[in-house]
Amino acid sequence: MRVLSRDIAKHIGKKVEIQGWVHKKRLLGGLTFINVRDRSGLTQVVIQDKDEVEKLRGLQIGTVLVVTGTAVEESRAPGGAELHDPMLTVMTSVTDEPPIEIDKPLGHKPDNLDTLLDNRPIGLRNLQETAIFKVQAKVLEAFRNFFADNDFTEINSPKLLAEATEGGAETFKLDYFGKTATLAQSAQFYKQMMVGVFERVYETNPTFRAEPSATTRHMTEYITIDAEIGFIDFEELLNYAGNCLISVVQAVQKDCAAALKMWNVPEIVLPNVGEKIPRLTITEIHDKFVKATKEDHTSEDDLAPAEERWVCDYAKKNLGSEAVLVTGWSSQSKTFKFYHRANEENPELADRADLLFRGVEITTLSMREHRYDRLIAQLKANGGDPESPGYAPLLSVYKYGMPPHGGWGWGLERTVQKLLGLSSVKEASLFPRDINRLAP
RNA sequence: GGGCCUGUAGUGAAGAGGCCUAUCACGUCUCCCUGUCACGGAGAAGAUCGCCGGUUCGAAUCCGGUCAGGCCCGCCA
């Protein structure tokens, strides 16, 4: 009966069997320590019998073992317990040394990112790398909990589409039995349609962008946490997003303390649950940024990357939050998409915001235009054809009754990147895809 | 797409015209070591310095090209 490393301390004095990978060997002559890795962590095994040690001769880290031994309480052992008088059985022997070290932190210098990613299948066994994806899993779990608590239904929309319609990002095209298909650049239209069915929906799926972006925050495939909420106003939408971020961060702080420590994450400065994420308009940020840096972006209708970094730092120092909701977007610029809704009192502005966290945009949220006639007018003004098969299914739901609604697209990897202070978003993806990487 | 930068054993780094027959650390191999946890000690193997060409008496080092990456900007989330 297999016992996991995390449960060794519950079996003190008993003979137990563990199964896992050799993670580290330390030979001290008459005494040998090995660490055996399983899904719950490491077990220290103390070997004194020379014949047992000999079984490991020539075998490398990664060798898969069955070890039976006596669980012993030992204050000098990591975790307070270890296995004594072990009997080793090699399940899978490994004679090749790993191409990348797995028993100590790997370098994350940008210059060496390529090596790190080329060796991903093995490098991810490094516990520091594993921790990134434990955090990612926790983030996803926290999102799901947030959505469940708020009565959302999880959906999965198709990623193979007939044509690109949303506008904005470039799409990937591929052969589809002689026709051209595109990979979904977002779940936008489908989640909007599903508001007419479920009111509140979300999905956590990949999305594909054929943008030639070569930066530390872009990938061609990434996971978005897409949410869409019916019967909501802009103010409520902003609060939903803010509360969602806070609850996700708190879940990570509560359950991933070891990972945060491993990555030397400084204290995360955010408001408490129920309090509001600070809001600043684009204009306010432009003005403050000019004063602080003499760098002028006041004529632009979007924030420059340097402004995004600066304003999060500013808010951390002055507003008690490393997250900022950026409002005050123009409804007259190309940042305004045809399905966005202009503000009722000030039609020059859009009911739209970006959520910035630790210097990067992690979420875009907006209210959608739900009034059929206005939506058609906005689409036409944008050059779109309401009769085209790309728009007709979406438009039909507005014809047959949609409430005011809004939602967001939230970048999972960016969130994890910023949570752990990783230098590139690619480090927060198991197998990242970018402009020049398609493997592994 | 534009600008700037990098490429040296499996991994990470040093070397910036001759001291290079290329140095160090980790890893690997052999030996010693009974409380290690980035164990320690002694020794060994492992690199035609990304590739092609040029300058030079002499190139890891300078120049040109090329390939592979990175960072910032643009685009975009």
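Structure first, text after, so check above.
Source: prediction; values computed, not measured.

Here is what the cut-offs are and how they apply
Residues numbered from 1 in each chain as written. Chains lettered and ligands numbered in written order. Predicted model: local features only at pLDDT ≥ 70, side-chain atom pairs only at ≥ 80, totals over all residues. Heavy atoms only, no water. Near = heavy atom within 4 Å. Polar contact = N/O pair within 3.5 Å; in protein donor to acceptor, adjacent residues only side chain to side chain. Helix = DSSP H or I, 4+ residues; strand = E, 2+ residues; numbered from the N terminus. Patch = residues over 30% accessible without salt bridge, like charges linked within 9 Å, V, L, I, M, F, W, Y side chains within 5 Å. Areas by Shrake-Rupley, 256 points an atom, 1.4 Å probe, with all protein chains shown as cover. Salt bridge = Lys/Arg side-chain N within 4 Å of Asp/Glu carboxyl O. Lys, Arg positive; Asp, Glu negative; His and termini not counted. Charge placed at Lys NZ, Arg CZ, Asp CG, Glu CD. Buried < 20%, exposed > 50% of the residue type's maximum accessible area, 1.4 Å probe, protein only. Pairing = 2+ DSSP bridges. Contact = heavy atoms within 4.5 Å. Axes fitted to C-alpha atoms, helices over the stretch in contact; angles between N-to-C directions.

J.: Requested: an account of the protein's contact with RNA strand B, with residues and values cited.
T.: Within the structure, RNA strand B sits among 48 residues, and Arg26, Lys109, His218, Met219 and Glu361 are positioned closest to it. Within 4 Å of the protein, the atoms of RNA strand B are drawn from sugar and phosphate moieties in a proportion of 58%. Contacts to RNA strand B include Lys337, whose side-chain N or O atom sits 3.1 Å from a phosphate oxygen. Thr364 has a polar side-chain atom sitting 2.9 Å from a sugar or linking oxygen of RNA strand B. Mapped onto the surface near RNA strand B, the elements with two or more residues apiece are strand E1 (15-27), strand E5 (81-92), helix H2 (113-118), helix H9 (305-318) and strand E15 (360-368). With three residues, the single largest contributor to the surface near RNA strand B is E1.

J.: Give me the lowdown on a positive patch on the surface, citing residues and values where you can.
T.: A cluster of basic residues, Arg2, Arg6, Arg39 and Lys134, forms a positive patch on the protein surface. Tracing the sequence through the fold places Lys134 in helix H4 (residues 127-149).

J.: Just give me the short version of a negative patch on the surface, but keep the residues and values in it.
T.: Negative charge collects at one region of the surface, where Glu284, Asp287, Glu295, Asp296, Glu300 and Asp301 lie side by side. The residue Glu284 is located in helix H8 (residues 282-293) in this model. What makes Glu284 partly exposed here is its relative accessible area of 37%.

J.: Give a description of the pairing of strand E10 (residues 200-208) that names residues and reports values.
T.: Among the nine residues in E10, seven count as buried, and that is most of the element. The pairing of strand E6 (residues 153-154) with E10 spans two bridges and is parallel. Bridge pairing links Thr153 to Val201 in E10. In the sheet, E10 pairs with strand E11 (residues 221-230) via nine bridges, with the strands oriented antiparallel.

J.: Could you give me a rundown of the sheet that holds strand E12 (residues 279-281), with the residues and numbers involved?
T.: On the basis of which strands lie adjacent, the open sheet formed by eight strands has the order E6-E10-E11-E16-E15-E14-E13-E12 and mixed pairing. Each end of this open sheet is capped by a strand with a single partner; those strands are E6 and E12. Note that strand E14 (residues 352-357) and E15 share six bridges and pair antiparallel. The partner of Leu355 across the bridge, within E15, is Thr363. Each of E6, E10, E11, E15 and strand E16 (405-411) is contacted by helix H5 (residues 188-198), which is oriented at about 30° to E11, the strand it contacts most.

J.: Kindly report on the side chain of Glu307, identifying the contributing residues and their values.
T.: Tracing the sequence through the fold places Glu307 in helix H9. Lacking a salt bridge, the buried Glu307 has Arg309 as its closest oppositely charged neighbour, with an N-O distance of 10 Å. Beyond its immediate stretch of four places on either side in the chain, Glu307 contacts Ile285, His286, Phe289, His297 and Asp302.

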